Amino acid sequence: MTPMASSRLAHVVAALLLTSCALLCADASVHDYTGERFVGSGNAFVLYGGSEGVYATSKAGAFIRFEKVAFRRTPESAAAAEDDGNRTATVTAVIFEAGHRDAVGGTDVSGERALCCTPRMAKLGVCTEGAVMYRAWNATGWPKVLAASFLPGGLEAAFPDETVAVSRTGMYTLLFVHCDASLAGGQVAAAGKTIWKNSRGYLPGRMAPLVPFYGVMSLAFAALAAYWFAQYARFWREVVPLQSCATLVIALGMVETATWYLDLAEFNESGVRPRGATFWAATCGALRGAVARVLVLAVAMGHGVVRPALAGLKSARVAFLGAAFFAAAEALEVCENVGTVSDHSPSPARRLFLVLPAAALNTVFVYWIFSSLSKTLNKLKARQMTAKLEMYRRLNNALIIAVAVSLGWITFEIHFKSTEEYSERWRAAWVIPAVWQLISFSLLCAICLIWSPSQGSTRYAYSSSSEGEDVERDLEDTRPLIRPGPLSYVDTWAISVSQDATKIILRTDSGVYAKAAGDGGKRV
C-alpha cells in the first residue's frame, strides 16, 4: 500500500465516520443499533457502530462489549443470494484505533480506494474477493475483527456476546461492513447494542474531564451568588431593576453548571445518559445567554440609567432579538448534546446549519451593544455625568476584552477542528467548551463588580431631576434666590430695582425687604 493511497483511504474513512455520526441516535455509552441500516461507501456497505476516546490502565479494565448484536435480511435478499450463487454472506465488525486507521481497507493497482477486496486485488493474492481488507498492526492484534454470516437460506446473522478488551488509551472506532450486493438497498436491519467502558467509567473520553470542570464551575457560581446576594440583602433598599436582572443571570448560571455536572456524573456512573437533565442543562445555558445579552444591550442603551425605559418599538426589537437568539442557541445545544454519546461531532453540514443562525444573531447583538454604548457614552460626556460616565467606561473596557478574547478563541477553535480530522487530539478537546464557559463567567463577574448593589446604587439610576446636571450632585439645585422669612399672608406686593441697580426691593403690606442683585450670577 503506497503512502499516497494510504492517505486517501484514511481521508475516506474519516469522512465516512463524520457523515455517518448523524445516523446514530443512542441514549447512553450503550450504543443501540436497533433499526439502523447500512449505507454505501465505495465498494462496501457500512454501518457506523460508534467512536469514543477510551482511557485504559492496567488496574482498571476498559472494554467494548457486544450484546445480542445481530442483522436480519429480507427473504428477497436471501433468495437473490441463492440465485447469484453466493450462498454465504458475511457482516464484519472492525474495531480500530485512530492511529491505526491505515490498517483498514486498501487500494487496487489502479489507485482506487476500497474497503472490500476487488477481483483484481484477489488475483494478486493480497486478499480474498468479497472480504473486508485489513492488516494486523505490528504484534498488537489490532484492528480487532469479528464476523457474523448469513447461512444459506438463513435470514439472521448474529455476533457472539463477546467482550473486546482495550489495553491502550486511544480513540477507537467500530464499523460494521459487508461487501454483498444482494444486501444493498436497505435489505438488512440491525439489532442489539455495544457497551463501551473505559477505566474511569462509562463517560466517553472526550467528555470525561468536563465532570470535574463543571464541579469547579458550580462552586465558582455559588461563590459569585453568595457575594451578590450578600450585597443584595445588605443594600436591598438601594437595588435597581437592572440588578434584579443580573440576579436572574447568576441563578440561571448556577442551575446550568450544576445540571451539567449531574448529567455527566450520572452518565459516567451508570452508562445511561439522562435525556431530561441534558435537555434542561442545554435550555438553561441557552436562556442564560439570551438574558445576559438582552441585559447588556439594555444597559448599553442607557435603560434605567440615562433614560427611564426603552421606547415601545425599540423594546419590542430587543425582545424579538433575544427570543430569536434563545431559539437558535436552544436548537444548537439540544442537537449537539441531548442523546449524544459518540465522541465524534455531528455531520459538518448539519452543524453548520445550526451554528450559522446563532453566530449571525450573536454578531447583531455585539454590533448593537457597542453602537448603543458609544451613543450613551457621548450623551454622558455632554451632560457631564462623571460617575455614570466612569461606570460605563469600565463596562466598555470589559466588553472589549471579552470580545477580543472570544475572537481569538474562535480562531483557535476553527484551527483546532480543521486540523484534527481523525480526533487524535481528543484528550484536549474538552478545553474548547470549557474556555467558552470561562469567558462568559468572567464577563459576568466583571459586570457584577461594576454594578453590584451598594449604598450609592440609586445614584446611578435614572432621575428626571438630574437631566443636564453633574451626577455627583444628582439633584438639581432648586434653592431660591431670596429665602422667605417669617412673612405673614399678604394681599399686595411689588418688586422694584434701586436706582444704582445694586438692590432688588420687595414691598409688601407687612414691610419692605431688600436683596443684593447679584448672587453667583443666578437670576431671580
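Okay, so let's go over this structure.

Criteria and cut-off values
Residues numbered from 1 in each chain as written. Predicted model: local features only at pLDDT ≥ 70, side-chain atom pairs only at ≥ 80, totals over all residues. Heavy atoms only, no water. Disulfide = S-S within 2.5 Å. Helix = DSSP H or I, 4+ residues; strand = E, 2+ residues; numbered from the N terminus. Buried < 20%, exposed > 50% of the residue type's maximum accessible area, 1.4 Å probe, protein only. 1 Å grid on protein atoms, 1.4 Å probe; cavity = no way out; pocket = protein on both sides within 12 Å on 5 of 7 lines; lining within 4 Å. Points joined across faces, edges and corners; volume = space filled by probe spheres on them. Nonpolar A, V, L, I, M, F, W, Y, C, P; charged D, E, K, R; others polar. Salt bridge = Lys/Arg side-chain N within 4 Å of Asp/Glu carboxyl O.

Overall, the coordinates contain one disulfide when judged by the stated rule. Through a disulfide, Cys116 is tied to Cys179; the S-S separation comes to 1.9 Å. Across the S-S bond linking Cys116 and Cys179, the dihedral sits near -85 degrees, which makes this disulfide left-handed. Placement of Cys116 in the loop between strand 7 (113–114) and helix 3 (119–123) and of Cys179 in the loop between strand 11 (170–178) and strand 12 (188–197) is noted, with a sequence separation of 63 residues between them. Under the relative-accessibility criterion, Cys116 is labelled buried at 2%.

Summed over the entire model, instances satisfying the criterion amount to three cavities of 30 Å³ or more. Estimated volume of the largest cavity: approximately 90 Å³. Every element with two or more residues in the lining of the largest cavity is listed here: helix 5 (241–270), helix 6 (275–300) and helix 10 (431–451). Partitioning the lining of the largest cavity into residue classes produces eight nonpolar, one polar and no charged.

In this section: the pattern of salt bridges. Tallied over the entire structure, the rule returns five salt bridges. A salt bridge links Lys193 to Glu67; the nearest nitrogen and oxygen atoms lie 3.9 Å apart. Of this pair, Lys193 sits in strand 12 while Glu67 sits in strand 4 (residues 62–73), and the two are 126 residues apart along the sequence. For Lys193, a relative accessible area of 32% translates into the label partly exposed. Residue classification places Glu67 among the partly exposed positions, given a relative accessible area of 25%.

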